Amino acid sequence: MNRTRLVLTGLAVAAAIAMSGCDPQPKTEGTTTSPSPSASSAAPTVGAATTAPSTAANDAATVKACADVKKDIKDNAAKITKAEKIGPPAGHFAVSAQWAAGSVAILAHSIGANEAVTAASEKIQNEMMSLSDAYNKSADAKPSKKALEAAIKELDTACSAA
């Protein structure tokens, strides 16, 4: 069971590392050139056309991320309930592993969302990993879920503003 936890934690770390290295549009500062006269007359139209779709795409990604993360939270809660029925002493490993797996799903589905939703999702992911650690330490653990509930409320607020 420790090996399973190690693998799940490793996957979460790998996902976090992969996300931190992503830069969808690298900015090049030294390669700007002045546009030709014909290009400058078309520039405002092109700029306006590219701004609106990217904002709409960002909003669509945020809405999708919110729906996916909320679904992940509900699915994880059902799986946690099922794992808790196993009972101690072995059940705490299943609960710990499920909290870790749920946190990875949250992390994966929050990719592409706006900053507020991403930050709230990261808080949920961190709280889930804390619960995973608590269950892994003790077969009789009953850690408080208040911090997780607060993080979920923060996600709801961020999603409603999106």
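Residues numbered from 1 in each chain as written. Predicted model: local features only at pLDDT ≥ 70, side-chain atom pairs only at ≥ 80, totals over all residues. Heavy atoms only, no water.

## Re the pattern of salt bridges
Piece 1. Summed over all chains, the structure comprises 5 salt bridges.
Piece 2. Ionic pairing is found between Glu84 and Lys145, a salt bridge with its closest N-O pair at 3.9 Å. Of this pair, Glu84 sits in helix α2 (residues 37-84) while Lys145 sits in the loop between α4 (115-137) and α5 (146-161), placing them 61 residues apart in sequence.
Piece 3. Assessed through its relative accessible area of 30%, Lys145 is described here as partly exposed.
Piece 4. For Lys123, the salt bridge goes to Glu154, with nearest N and O atoms at 3.1 Å. Here Lys123, found in helix α4, pairs with Glu154, found in helix α5; they are 31 residues apart in sequence, far enough to count as distant.
Piece 5. According to the relative accessible area criterion, Lys123 is partly exposed, its value standing at 39%.
Piece 6. For Glu154, a relative accessible area of 32% translates into the label partly exposed. (Salt bridge = Lys/Arg side-chain N within 4 Å of Asp/Glu carboxyl O. Helix = DSSP H or I, 4+ residues; strand = E, 2+ residues; numbered from the N terminus. Buried < 20%, exposed > 50% of the residue type's maximum accessible area, 1.4 Å probe, protein only.)

## A look at the environment of Leu148
Piece 1. Mapped onto the elements of the fold, Leu148 is located in helix α5.
Piece 2. Residue Leu148 is classed as buried on the basis of its relative accessible area of 7%.
Piece 3. Leu148 sits 23 residues away from Gln125 along the chain, and the two C-alpha atoms are 8.8 Å apart.

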